[in-house]
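Below are the chains, spelled out letter by letter.
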Amino acid sequence: MAWPGGSPDSVELPLHQLGSEDTLDGLALPNTNVTGHTRINEDEATTSGITDGAADEQNRVIFINRPQPQKFVNNRISTAKYSLPSFVPLFLFEQFRRYSNCFFLLIALLQQIPDVSPTGRWTTLTPLVLILTVSAIKEIVEDYKRHRADEETNRRKVEVLSEGRWRSIRWEKLQVGDICKITNNQFFPADLVLLASSEPQSIAFIETSNLDGETNLKTRQAHPDTARLENISEMAEFRATLQCEPPNRHLYEFNGMLKEANAKTIPLGLEQMLQRGAMLRNTTWVLAAVVYTGHETKLMKNSTKAPLKRSSIDRQTNTHILMLFIILIVLSLISAAFNELWLLRRTNTDWYIALEEAQNANFGFNFLTFLILYNNLIPISLQVTAEIVRFFQAKFIAMDSEMYHAETDTPAMARTSNLNEELGMVRYVFSDKTGTLTCNIMDFHKCSIGEIIYNKPGPNERLEDTLLYHNLKEHPTAPDIAEFLTMLAVCHTVIPEVVDGKINYHAASPDERALVMGAAGFGWVFETRTPHSVTVMAQGKRLHYSVLHVLAFTSARKRMSVIARAPNGEIKLFCKGADSVIYPRLAGGAQTAQYAAATLEHLSHFAAEGLRTLVFATADIPEHVYKDWSNTYHKASIAIQDREQKIEEAALLIENNLRLLGATAIEDKLQDGVPETIASLLKANINVWVLTGDKQETAINIAHSARLIHTAMPLLLLNEDSLDGTRESLSRHCTELGENLRKQNEVALVIDGKTLKYAMGCDLKKDFIDLCVSCKVVVCCRVSPIQKAEVVDMVSRATGAVTLAIGDGANDVAMIQRASVGIGISGVEGLQAVCASDYSIAQFRFLLRLLLVHGAWNYSRISKLILYSFYKNICLYVIELWFAIYSAWSGQILFERWTIGFYNVIFTALPPFAIGLFDKICSPEIMIRHPVLYVPSQQGLLFNVRVFWVWAVNALLHSVLLFWLPMLLASHHVLWPNGKDGGYLVLGNLVYTYVVATVCLKAGLATHSWTWVTHVSIWGSIALWIIFIVVYSNLYPAILIGAVMRGMDRMVFTSLVFWFALLLIPAATLIPDLLITVVHNSAFKTMTEAVRESEIKKRDPAALLAHPRHSLTETARLLQNVRSVFGRRSTTRANMELELSHGFAFSQEEGASVSQADVIRAYDTSQPRGRC
Amino acid sequence: MATSSDTSDQNVKSRRPAESAFKQQRLPAWQPILTAGTVLPTFFVIGIAFIPVGIGLLYFSDEVKEHVIDYTHCMKEDAVNVTCATFIKETKMEEPCMCQINFNLTEDFKGDVYFYYGLSNYYQNHRRYVKSRDDSQLLGHLTLTPSSDCDPFAYADEDGKQKPIAPCGAIANSLFNDTLRVYSQDLNKMVEVPVLNTGIAWTSDKDIKFRNPAGDLKTAFANFTKPVNWRKPVWMLDPNNTENNGFQNEDLIVWMRTAALPTFRKLYRRVDHTQVGFSVGLAKGPYTLQVDYNYPVTDFDGTKTFIISTTSLLGGKNPFLGVAYVVVGTLCLLLGIVLLVIHVRCSKSTTEMINVNPRTPYS
């Protein structure tokens, strides 16, 4: 069970008291936490955040079953980003928060100044509007989905009491003060107060997985005074005033009171609270009054907006854009200065230009002219191209059938598309345990009875064939076996439910459920529970045990006992628990007792397999002893002071002189493929940390079974109670590591929440981080959600690496939001983690494909896309600078003004998409089989400052060739046999054509995998430009644009020089690039290239990767340098380790609103249920 | 949000993604391997193809005959030691200046022969110059308010009245106005080389972009004045040929298509090969260039040239394309050889043709 569902025992008591005081102050309401069941734990720190000044606000007064004098929020919810009227302003605000859009808007405004713009007035605004339109369409499409989901929720039906009968209305119509009826397996439409239920004592079970990620059922109980409201006429008569605190976000807190006319005030507390988002379970119906609706419900109050995350590449791109902006300014200044010099020499001589009479001709205006001229150095379309590409990449993730989980019908989902490439750079994976690594299914695996290990019957194995069955017949330990199985079937708090002739077991503890089912598997079927007895069907006989006492499980006691009267009248004590607490209580001492030694050995054996163990013992209690003890116990249980301690002491009296029967091994079932996935992640140089709210022993069990820790791996255990202890222990470990500190060692660090608190304090933080990064595996157990987030944060900050958090429950929300990338496990548990996550997958094993395939692909695609976008812009627009040298630094453009504007939007728009969506180096199979291929993207080798400059210089060289080659070619302007001469635009169009061709072909050179889309985009772009010339050259004067282009098609295309150069210039420009690529690929081949090549040639790259020479690369060395420095285990925690080595683990909800002992007393499953 | 689409989706159809090759990113793809071994044939092919093409282009360029005469500083005809350049400067272009230059064509100019004038250090590509025109006016849409782009050559005083200029703008204002004639000094007899002043502009310009207003040109332009630097109004540009007059005058049209570079040439006249003695081109021999020198360029250190040229399929004389082809072709051959060496050495070093060494980076 995840953290809140686990047993936060040791931290609970002090905090609980603290919490009660907290809730008291400021509220004049009666404190209803008298039973001490209010759940206040550290969980609140995240699910509820900071207390939001409730004290100042007025208490809410609700008139039940009557119209409210006060207007409350309606029950309609909206999670959409925009509404119809708010779309335009909000959208524009979002868009113009981006610097680049602001920049282009500024350029568009500057263009309005007369005589300043070299490209007319609308050539920036038009593409900008086009691009904003595309963004707007994308936003609308995305928001429409949210609207639809909201609509669907709002239109669900709920039954409401109206004019004396039940009426079905939409959720959105539900109002505060309404009384509604919810039936089994329905969600609560708002925050409700339970008035009555179909179950005995008005108990109701709810599943809160949507709220906190816990799957175990929670109990709620109506106050006895309202439980009478069972039928509709009584309900219709019901008039009461409900007073409660104002809406808040505390999921585990509720205080209120209900005042009926002429009756005493009833206190209301969490026991009566049914939160929106939770679901009614195992309860036929409940009647409840609405207290908080719509956005005032606790669920909605908790739905924090996911923080805006940006990928590292995005951030780097911004710096590059900033750099380009600076270059742009510098270029403009230089150009303006040259213009000034030119003017100084020639203003008076060049009579034909009439410079002295020019307007807006000072240095400042010239600077603006050049700013406009060069503004496209910053790629206008990059943002929107990248956005659309990411959108489709996210779709590819969602459409990947390899990440589709058929059992739960859940495909992967990308909830954000900003982080696609971040998936390719992950260095640390922080994983939750329950529901993430494990399925949250406990499975009875084997048991040891009387020194013999029995496996559970296999799926195709008949019970009669099992060893146990045989031994039960003739083995000397047969009575022990029978007693053991009886104990499994009796000693628990499970409630059976018969549905269609099959028995369903409901349990607050998944372990117990597994045990009962295990017993059933061996033929001891637990059938009925009445308030005072249990019936077990064993070997054809019905055994009837009266349950006299249940001594509940607590983490401190580490055991649980049932005192029962056997059918033959004997009184038996059944006790199960950790070996460390059972063994000392064995009759005859821990060492010498019957079976003790062999069972202990078996326990170690089980633990090594990663199984959870429990030890079972029994004792016969003579009648008179029981009587005496029963009195003592009764006195203890009614004591006013120190009741719990007294009960515990009383329990100690009877749990003694036990006789060991055996032990069980329960498998906390791992999800499919978890060990393999973890092994691959480790090979991909990713560090895997497990952060769990669960107990240390459970966490270590799982780490073992997930192959995160192997038996030879030394464990560093950090369990300290004080700051000093933590400091001492940290420094000792650091010293022991010696020179291997901060290098990766084959060591696992296990730390618990309390020690973590000290270790993360200011003064120890550095040492702790050093220690953490020195260990290959880190397991943090018993950590609260906020601590999970802090750990993630700490690692992100300290190492600067990309972190990924994966979890399934509400307790993982904080960490998911804090990590660079948050992954939610969808399908089984609640939706809260998924809603907070950036990506959701159904199974942990899909993480491998998400990272190694999609992550690596997206990273290389986006990197290439961005670099290419910079490249193509530099390539074209720097030509304007070269032309400025020949055009008197006047800011004259070489190309037609609209062709410049459409360069990014039309003529070179497609290749980036082809790269961004379809390029791939290796096939998914190869990427998964060789996790080492993840390393280049992880280390950010494909996109960094160096690579950026390589591309920029490349673009610069290309622009030089692409300008001067055509210029020399057309220097005399006469390109036709008829002797006519072309003007500046002939040269411009020549250059432009060669640029488009070169740039498109360059995209091809950068593409590793040419699909038909790639072909279409490259050849299509060139063709588009040719078509564009033809069309555009024939518009004027029918349409009054492009006068200079008139007739250009005939002139350009009839020039043989044009065609010959079209062959020559792109080739000449790209040959150096090709040469460098080839030499690089031949002589300095990278690992990725080598693997790619061998894949295409259908060779097995395994040999290549296994080659000893390759393993010596820097990273591989890092990977292999993991060494063991710990010859001996730390002796300080020998005791702890002993227990660990025996694998004890048991989980049960503790401190529930109704204790387990009370719950079982309430049930009589021999009677049919439901009365409504 | 959290509560939506949980129960209601249960009976909807499966959410299993479609198995199409596109959606699963399994589109068939061509995956080129760019290594020395695979690419070197390309280099050889380019090299072998480009060199002959380049030689062919060079041949074409070489076929073109061209004679360039710089007449910037030609001497005034009836004066001693006065260049026309200084003369027109001193007289502020009030008086005409004639000059003559004798030259010799050393070989026959066969085929169509074209006369160009060339200017250098002349920034026809200056931003303020390029935009200083009114295309709408040139379409024949005469309005009394020419485009503001024409400033400061939009209005001028005529007879004390301010009138709009037609054609307006700096380009039209600076129309090249030297008159160039070539005489053949055959047998001591000066024969003027017959020329055509039409067919020198782009047909699209002549037919579409430049239109005269309807009706009689003189009346149409009555409310307009000539550009300040002009000697005669626009309707007098070619009084002999109505087709070549007004905005549709081809000298004007050629001039209006601004040049890309500060050194440029523009087509001036075509030799009329229908005339006797010039049917095959210009024969070699002595010629005289007669210049009506009006256009000032010396202020900004410009030059004026007169160019006689034939053309090839590729246009004027320019060996650059051919040279470029030969150079690129040769480079490709050389690189091909280099790649061959790399290929041989790299494939020798490992049997698997993969050269990964301890320093091999991951990417």
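Everything numeric here is computed off the predicted structure, so don't read it as measured data.

Student: Could you clarify how one ought to interpret the overall build of chain A in this entry?
Tutor: When helices and strands are tallied, chain A shows 41 helices and 33 strands. A buried classification covers 62% of the 1172 residues belonging to chain A. For chain A, the exposed area adds up to about 42900 Å²; of that, 58% sits on carbon and sulfur atoms.

Student: What is the right way to read the pairing of strand 29 (residues 745-752) of chain A from this model?
Tutor: The two faces of the sheet receive side chains in turn, since in a regular strand these alternate between them. All names here are of chain A. For strand 29, the buried fraction is high: 8 of the 8 residues fall into the buried class. Residues Asn745, Val747, Leu749 and Ile751 line one face of strand 29 and the alternating positions Glu746, Ala748, Val750 and Asp752 line the opposite face, and both faces are buried. Examined bridge by bridge, strand 28 (residues 715-718) and strand 29 share 4 bridges and lie parallel to one another. The residue of strand 29 that forms the bridge with leucine 716 is leucine 749. With respect to chirality, the unit in which strand 28 leads through helix 21 (residues 723-737) into the neighbouring parallel strand 29 is right-handed. Across 6 bridges, the pairing between strand 29 and strand 30 (residues 775-781) is parallel. Its bridge partner lying in strand 30, leucine 749 is registered against valine 778.

Student: Explain the sheet that holds strand 14 (residues 413-414) of chain A here, please?
Tutor: Two pairing modes exist for strands in a sheet, parallel and antiparallel, and in both the strands are linked by backbone hydrogen bonds. Residues and elements named next belong to chain A. Read from one edge to the other, the open sheet built from 9 strands follows the order 14-33-32-31-15-27-30-29-28, with strand pairing classed as mixed. The two strands at the open ends of the sheet, each matched to only one other strand, are strand 14 and strand 28. Alignment of strand 15 (residues 426-431) against strand 31 (residues 802-807), held across 5 bridges, turns out to be parallel. Bridging from a neighbouring strand, valine 429 pairs with leucine 804 of strand 31. Along the sheet, helix 21 makes contact with strand 28 and strand 29, crossing strand 28 at roughly 160°.

Student: Would you take a moment to explain the interface of chain B and chain A for this structure?
Tutor: Buried accessible area, meaning the area lost when the parts come together, often serves as the stated size of an interface. At the junction of the two partners, chain B supplies 110 residues and chain A supplies 142 residues. Around 11000 Å² of area is buried between chain B and chain A when both sides are counted, 63% of it from carbon and sulfur atoms. Summed over the shared surface of chain B and chain A, the number is 4 salt bridges. The shortest N-O distance in the salt bridge between B:Arg26 and A:Glu925 comes to 3.0 Å. Counting across the interface, chain B meets chain A through 37 residue pairs in polar contact (both at pLDDT 80 or more).

Student: Would you explain the UniProt feature "active site" (unreviewed entry) in chain A in this entry?
Tutor: All names here are of chain A. If you check UniProt for "active site" (unreviewed entry), the listed places come out as Asp432 in our numbering. Summarising the element assignment, aspartate 432 is placed in the loop between strand 15 and strand 16 (438-449). Given a relative accessible area of 1%, aspartate 432 falls into the buried group.

Student: Can you help me understand the pattern of salt bridges in this one?
Tutor: When charged atoms on two side chains of opposite charge get close, those side chains can pair. Residues and elements named next belong to chain A. The tally for this structure, following the rule as stated, stands at 56 salt bridges over all chains. For arginine 542, the salt bridge goes to glutamate 527, with nearest N and O atoms at 2.7 Å. Taken together, the residues arginine 542 in strand 22 (residues 541-551) and glutamate 527 in strand 20 (residues 524-530) connect sequence positions 15 residues apart.

Student: I keep staring at the packing of aromatic side chains and nothing clicks. Help me out?
Tutor: Think of a pair of aromatic rings as described by two things: how far the centres are apart, and how the planes are tilted against each other in angle. Within this structure, the stated rule accounts for 70 aromatic pairs over all chains. Summarising the aromatic geometry, the rings of A:Tyr505 and A:Phe526 are spaced 6.0 Å apart at their centres and angled 15° between planes, so their arrangement reads as stacked. Linking A:Tyr505 in strand 19 (residues 502-506) with A:Phe526 in strand 20, this pair joins segments that are 21 residues apart in sequence. Accessibility expressed as a relative area gives 0% for A:Phe526, which makes it buried. Aromatic side chains B:Tyr122 and B:Trp255 sit 5.7 Å apart centroid to centroid with 75° between the ring planes, which places their arrangement in the edge-to-face category. Of the two residues, B:Tyr122 sits in the loop between strand 4 (113-120) and helix 3 (127-130) while B:Trp255 sits in helix 8 (residues 250-256), which places them 133 residues apart along the sequence. The class for B:Tyr122 is buried, based on a relative accessible area of 0%. One aromatic cluster is present, formed by A:Trp351, A:Tyr352, B:Tyr117, B:Tyr122, B:Tyr129, B:Phe176, B:Trp255, B:Phe264, B:Tyr268, B:Tyr295 and B:Phe300 through successive ring pairs. Above the plane of the ring of A:Tyr871 lies A:Lys1002, whose end atom (NZ or CZ) is 5.8 Å from the centre. The ring of A:Trp951 has A:Lys1002 sitting right over it, with the charged end atom 5.1 Å from the ring centre.

Student: Help me out: how do you make sense of the nonpolar core in this one?
Tutor: Residues and elements named next belong to chain A. Within the largest apolar cluster, 194 residues are counted, with the highest numbers of intra-cluster contacts made by Leu804, Ile823, Leu847 and Leu851. With 27 residues, helix 27 (residues 846-886) is the largest single contributor of residues to this core. What leucine 804 contacts, discounting residues up to four positions off in sequence, is Leu423, Val426, Tyr428, Val429, Phe430, Ala819, Val821, Ile823, Leu847 and Leu851. One finds Phe484, Ala489, Ile582 and Phe606 within the second-largest nonpolar core, a separate group that totals 76 residues.

Student: Whenever I open this one, the sheet that holds strand 8 (residues 240-244) of chain A confuses me. Can you help?
Tutor: Residues and elements named next belong to chain A. An order of 1-8-9-10 is seen for the 4 strands of this open sheet, with the pairing classed as antiparallel. At either margin of the open sheet sits one strand with a lone partner, and together these are strand 1 (60-64) and strand 10 (266-268). With strand direction ignored, the average angle separating the axes of adjacent strands in the sheet is 20°. Pairing of strand 1 with strand 8 involves 5 bridges; the strand directions are antiparallel. Across the sheet, residue arginine 60 finds its bridge partner in strand 8, namely cysteine 244.

Student: When you look at the UniProt feature "transmembrane region" (unreviewed entry) in chain B in this model, what are you seeing that I'm missing?
Tutor: Residue and element names in this part refer to chain B. The sites that UniProt annotates as "transmembrane region" (unreviewed entry) are residues 33-60 and 320-344. Taken end to end, residues 33-60 comprises 89% helix and 0% strand; its first and last C-alpha atoms sit 39 Å apart. For the annotated span residues 320-344, helix accounts for 100% and strand for 0% of the residues, and the straight-line distance between the end C-alpha atoms is 36 Å.

Student: Where do I start with the confidence of the model for chain B in this structure?
Tutor: Residues and elements named next belong to chain B. Mean pLDDT over chain B: 86, with 92% of residues reaching 70 or higher. Taken together, the stretch residues 1-11 has pLDDT below 50 and engages in 33 contacts with residues farther than four places along the chain or on a different chain. Note on residues 349-358: pLDDT under 50 across the span, and 25 contacts to partners over four residues away in sequence or across chains.

Student: Please clarify how the packing of helix 21 of chain A against helix 23 (residues 762-774) of chain A should be interpreted in this entry.
Tutor: Two quantities define a packed helix pair, namely the angle between the axes and the distance from one axis to the other. All names here are of chain A. Two elements in contact, helix 21 and helix 23, have axes separated by 10 Å at closest approach and are oriented at 40°. The orientation of helix 21 with respect to helix 23, classified from their angle, is oblique. Relative to helix 23, the crossing made by helix 21 is left-handed. Residue-level inspection shows Leu723, Thr726, Arg727, Leu730, His733, Cys734 and Leu737 of helix 21 in contact with helix 23, the latter providing Asp763, Leu764, Asp767, Phe768, Leu771 and Ser774. Residues that form the contact of helix 21 with helix 23 fall into these classes: 7 nonpolar, 3 polar and 3 charged.

Student: It is not clear to me how the pairing of strand 27 (residues 687-691) of chain A should be interpreted in this structure. Could you clarify?
Tutor: Residue and element names in this part refer to chain A. Counting buried positions over the 5 residues of strand 27 gives 5, a clear majority of the element. Of the two faces of strand 27, the one carrying Asn687, Trp689 and Leu691 and the one carrying Val688 and Val690 are both buried. In this structure, strand 15 lies alongside strand 27, joined through 4 bridges in parallel fashion. The partner of phenylalanine 430 across the bridge, within strand 27, is tryptophan 689. The pairing of strand 27 with strand 30 spans 4 bridges and is classified as parallel. Within strand 30, the position partnered with tryptophan 689 by the bridge is valine 778.

Student: Quick question: what am I supposed to make of the state of the cysteines here?
Tutor: Between two cysteines, a covalent bond joining their sulfur atoms is known as a disulfide. Residues and elements named next belong to chain B. The full count for this structure, using the stated rule, is 3 disulfides over all chains. Linked covalently through their sulfurs, cysteine 74 and cysteine 99 form a disulfide whose S-S length is 1.8 Å. Since a negative S-S torsion denotes a left-handed disulfide, the cysteine 74-cysteine 99 link at about -80° is left-handed. Here cysteine 74, found in the loop between strand 1 (66-70) and helix 2 (84-90), pairs with cysteine 99, found in strand 2 (residues 98-105); they are 25 residues apart in sequence, far enough to count as distant.

Student: Explanation requested: helix 24 (residues 785-799) of chain A in the structure shown.
Tutor: The α-helix winds at 3.6 residues per turn, so residues separated by three or four positions along the chain end up facing the same way. Residues and elements named next belong to chain A. Compared with an ideal rise of 1.5 Å per residue, which puts 15 residues at 21 Å, helix 24 spans 21 Å between its outermost C-alpha atoms and is within 8% of the ideal. For helix 24, the full list of buried residues reads Pro785, Gln787, Lys788, Ala789, Val791, Val792, Asp793, Met794, Val795 and Ser796. Taken from the residues just after helix 24, glycine 800 is the one with a positive phi, measuring 70°.

Student: Where do I start with a nonpolar patch on the surface in this structure?
Tutor: Together, A:Leu322, A:Ile326, A:Val330, A:Ile334, A:Phe338, A:Leu341 and A:Leu344 make up a nonpolar patch on the protein surface, roughly 680 Å² of accessible area in all. Summarising the element assignment, A:Phe338 is placed in helix 9 (residues 312-346).

Student: Before we go on, may I ask you to explain the side chain of A:Glu387 in this structure?
Tutor: Within the secondary structure layout, A:Glu387 lies in helix 11 (residues 382-399). Setting aside chain neighbours within four positions, we find A:Glu387 in contact with A:Arg98, A:Ser135 and A:Lys138.

Scoring rules and cut-offs
Residues numbered from 1 in each chain as written. Chains lettered and ligands numbered in written order. Predicted model: local features only at pLDDT ≥ 70, side-chain atom pairs only at ≥ 80, totals over all residues. Heavy atoms only, no water. Helix = DSSP H or I, 4+ residues; strand = E, 2+ residues; numbered from the N terminus. Buried < 20%, exposed > 50% of the residue type's maximum accessible area, 1.4 Å probe, protein only. Areas by Shrake-Rupley, 256 points an atom, 1.4 Å probe, with all protein chains shown as cover. Pairing = 2+ DSSP bridges. Right-handed = clockwise from strand over helix to strand, strands pointing away. Contact = heavy atoms within 4.5 Å. Axes fitted to C-alpha atoms, helices over the stretch in contact; angles between N-to-C directions. Buried area = accessible area lost by both parts, 1.4 Å probe. Salt bridge = Lys/Arg side-chain N within 4 Å of Asp/Glu carboxyl O. Polar contact = N/O pair within 3.5 Å; in protein donor to acceptor, adjacent residues only side chain to side chain. UniProt positions renumbered as here; feature names shortened; annotations may be inferred. Phe/Tyr/Trp six-rings, centres within 6.5 Å; stacked < 30°, edge-to-face > 60°. Lys NZ or Arg CZ within 6 Å of the ring centre and 35° of its normal. Core = buried A, V, L, I, M, F, W, Y, C linked by side-chain atoms within 4.5 Å. pLDDT = per-residue confidence, 0-100. Parallel < 35°, antiparallel > 145°, perpendicular 65-115°, else oblique. Left-handed = near helix turned anticlockwise from the far one by under 90°. Nonpolar A, V, L, I, M, F, W, Y, C, P; charged D, E, K, R; others polar. Disulfide = S-S within 2.5 Å. Expected span 1.5 Å × (residues − 1). Patch = residues over 30% accessible without salt bridge, like charges linked within 9 Å, V, L, I, M, F, W, Y side chains within 5 Å.

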